[in-house]
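If you want the building blocks of each chain, they are given just below.
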Amino acid sequence: MPSEEYRNASPAAPHPPTDTAEAAIWLWTQIKAEARRDAEAEPALASYLYSTILSHSSLERSLSFHLGNKLCSSTLLSTLLYDLFLNTFSTDPELRAAVSADLLAARYRDPACVSFSHCLLNYKGFLACQAHRVAHKLWTQSRRPLALALQSRISDVFAIDIHPAARIGKGILFDHATGVVVGETAVIGNNVSILHHVTLGGTGKMGGDRHPKIGDGVLIGAGATILGNVIIGEGAKIGAGSVVLIDVPPRTTAVGNPARLVGGKEQPIKHEECPGESMDHTSFISEWSDYII
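Definitions and cut-offs
- Residues numbered from 1 in each chain as written.
- Predicted model: local features only at pLDDT ≥ 70, side-chain atom pairs only at ≥ 80, totals over all residues.
- Heavy atoms only, no water.
- Pairing = 2+ DSSP bridges.
- Helix = DSSP H or I, 4+ residues; strand = E, 2+ residues; numbered from the N terminus.
- Phe/Tyr/Trp six-rings, centres within 6.5 Å; stacked < 30°, edge-to-face > 60°.
- Buried < 20%, exposed > 50% of the residue type's maximum accessible area, 1.4 Å probe, protein only.
- Lys NZ or Arg CZ within 6 Å of the ring centre and 35° of its normal.
- pLDDT = per-residue confidence, 0-100.
- Contact = heavy atoms within 4.5 Å.
- UniProt positions renumbered as here; feature names shortened; annotations may be inferred.
- Core = buried A, V, L, I, M, F, W, Y, C linked by side-chain atoms within 4.5 Å.

A. Main features of the sheet that holds strand S2 (residues 167-168). With parallel pairing, four strands are arranged side by side in an open sheet as S2-S5-S8-S11. Both outer strands of the open sheet, S2 and strand S11 (231-232), are each paired with one neighbouring strand and no more. One ladder, built from two bridges, connects strand S8 (residues 213-214) with S11; its direction is parallel. Paired with Ile214 across the strands is Ile232, a residue of S11.

Structure representation (structure tokens):
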């Protein structure tokens with residue numbers, strides 16, 4: 001078993017100012033300081049850290065450069081993508097605020113995230129989410145061929161498939177993220193945490209509004225499948241491996257296949273904390289299960 005010292009090795013995350021504009025400046029300052037520290041500690045990474053972070057004047061420029069290099073191909077050039085990303089982020093303050101909120105979400109909710117720069121450079125869930133935000137912007141501007149091409153590259157590179165029409169809030173954590181699928185009419189609220197191999201899908205060939213609506217503060221465990229135009233209430237928790245086909249009330253926990261509410265349908269147990277932020281996956285087990293190893 002890992003020692004307590006090992007399990008608590010990640011340094012505590014500093015907290016930004018409460019003002020949004022000041023927080024963005026503070027965050028970029030933190031990222032540059034972390035990159036300088038890492039370049040000094042590991043000279044093999046110095047050139048990489050300089051080109052991706054230290055040579056840029058802002059977070060949106062660094063992110064646009066990094067995404068352009070990640071998602072380019074022999075026919076979709078990195079320079080074209082850089083211009084596309086930078087123009088989109090630079091002209092939309094809501095997108096920039098969402099980038100900052102997603103970075104903070106990863107740093108504060110994931111104990112394996114050792115720094116903001118680590119998330120910016122290496123977290124494919126974060127990178128895929130930011131690229132999706134640009135694809136969604138293109139979709140709303142009726143630039144759908146380019147939006148779909150970007151979706152395809154995101155899927156190829158990051159193994160995450162989010163339809164460009166899907167709407168995603170801010171403060172999102174796609175933790176590990178491999179195999180996440182989000183359908184066309186899905187909506188994800190703010191401060192939601194989603195683990196790997198989660199599907200927010202439809203139920204068949206039916207058109208129209210056919211994908212899940214995820215409320216603020218929801219936590220969706222690894223391998224969970226939510227199908228159809230169902231509502232997952234604010235602050236709900238979906239257990240790992242669950243299959244959800246009907247609405248889940250706010251502040252409740254649904255587990256199993258098919259999913260059932262902990263505490264029963266008539267009087268389900270409700271929790272006060274926000275699971276999307278607390279990342280509490282398993283404490284409900286002791287409250288209702290007699291399973292013993």
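B. Expanded view of the packing of aromatic side chains. In this structure the tally under the stated criterion is two aromatic pairs. Judged by centre distance (5.8 Å) and plane angle (80°), the rings of Trp26 and Phe116 are edge-to-face. Of the two residues, Trp26 sits in helix H2 (residues 20-41) while Phe116 sits in helix H7 (residues 116-122), which places them 90 residues apart along the sequence. For Phe116, a relative accessible area of 0% translates into the label buried. A ring pair is formed by Tyr108 and Phe116, whose centres lie 6.4 Å apart and whose planes are at 85°; its orientation type is edge-to-face. Taking the relative accessible area as the measure of exposure, Tyr108 reaches 32% and is therefore partly exposed. By way of ring pairs, the aromatic residues Trp26, Tyr108 and Phe116 are connected into one cluster. Here the basic side chain of Arg107 rests over the ring of Phe116, its NZ or CZ set 6.0 Å away from the ring centre.

C. How the structure looks around the environment of Lys32. Its place among the elements puts Lys32 in helix H2. Using a relative accessible area of 23% as the deciding quantity, one classes Lys32 as partly exposed. Spatially, the C-alpha atoms of Lys32 and Gly202 are 42 Å apart, while their sequence positions differ by 170 residues.

D. Summary view of the confidence of the model for the chain. For the chain, per-residue confidence averages 91 on the pLDDT scale, and residues scoring 70 or more make up 92% of the total. Under a pLDDT of 50 for its full length, residues 1-9 has, in the predicted model, one contact with residues more than four places off or in other chains.

E. Looking closely at the UniProt feature "domain: Serine acetyltransferase N-terminal" (unreviewed entry) in the chain. Per the UniProt annotation, the sites labelled "domain: Serine acetyltransferase N-terminal" (unreviewed entry) are residues 27-131. Helix makes up 78% of residues 27-131 and strand 0%, whereas the separation of the span's terminal C-alpha atoms amounts to 20 Å.

F. Seen up close, the nonpolar core. Ranked by size, the top nonpolar core spans 74 residues in total, and within it Phe174, Ile188, Ile220 and Ile232 carry the most contacts. Looking at this core element by element, the count peaks at nine residues for helix H8 (residues 124-140). Phe174 has contacts with Gly125, Cys129, Ile162, Ile168, Val180, Ile188 and Ile194, leaving out every residue within four places of it along the chain.

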